[in-house]
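# What the coordinates show
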Amino acid sequence: MIEVHDIKLGENFDLEIKNGDFDIGETTLQHQQLLIVINKGMLREFPSRCVGLPTWINDDKSGNLNAAIKREFEADGMKVIAIKSIGTQLVTDAYYE
């Protein structure tokens, strides 16, 4: 399991500032959140990447959301143990190898 250290983002995906500089720390969960919520086409370098959760929520023909998340996590280099929907909660168990 690899710890990923990157610039940390806050609750609304704003940059976290600590002591006048970017806050850097473990960001695996942050990467997972971004892969889930960003719409396809929004990452200029990788336009076919990400899940785009808001699009899935509004689409009645959405297919298997958990499978789409698993594909994106694996494409990003994560080992996926489980992705489950429990009520309105999405629970992920994945890490970078």
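See the structure shown above.
Residues numbered from 1 in each chain as written. Predicted model: local features only at pLDDT ≥ 70, side-chain atom pairs only at ≥ 80, totals over all residues. Heavy atoms only, no water.

By volume, the largest pocket amounts to about 240 Å³. Contributing to the lining of the largest pocket are 14 residues, with H31, L34, L35, L43 and D76 lying nearest its centre. If you list the elements that add at least two residues to the lining of the largest pocket, you get β1 (5–7) and α1 (28–37). Its residues assigned to classes, the lining of the largest pocket comprises 9 nonpolar, 2 polar and 3 charged. By volume, the second largest pocket is sized at about 190 Å³. In terms of lining residues, the second largest pocket is bounded by L29, Q32, Q33, I36, V37, L53, Q89, L90, V91 and T92. Every element with two or more residues in the lining of the second largest pocket is listed here: α1 and β6 (89–96). Looking at the lining of the second largest pocket, the element that brings in the most residues is α1, giving 5 residues. (1 Å grid on protein atoms, 1.4 Å probe; cavity = no way out; pocket = protein on both sides within 12 Å on 5 of 7 lines; lining within 4 Å. Points joined across faces, edges and corners; volume = space filled by probe spheres on them. Helix = DSSP H or I, 4+ residues; strand = E, 2+ residues; numbered from the N terminus. Nonpolar A, V, L, I, M, F, W, Y, C, P; charged D, E, K, R; others polar.)

Let us now look at the nonpolar core. Formed by 15 residues in total, the largest nonpolar core has its most connected members in L35, I69, F73, M78, V80, I83 and A94. Broken down by secondary-structure element, the contributors of at least two residues to this core are α1, α3 (65–75), β5 (78–86) and β6. Among residues more than four places away in sequence, those in contact with I69 are I36, V51, I83 and L90. (Core = buried A, V, L, I, M, F, W, Y, C linked by side-chain atoms within 4.5 Å. Buried < 20%, exposed > 50% of the residue type's maximum accessible area, 1.4 Å probe, protein only. Contact = heavy atoms within 4.5 Å.)

Note that β5 and β6 share 8 bridges and pair antiparallel. When the bridges of β6 are listed, I86 appears paired with Q89. Linking β5 to β6, which pair antiparallel, is a turn of 2 residues; within it G87 sits at a positive phi near 65°. (Pairing = 2+ DSSP bridges.)

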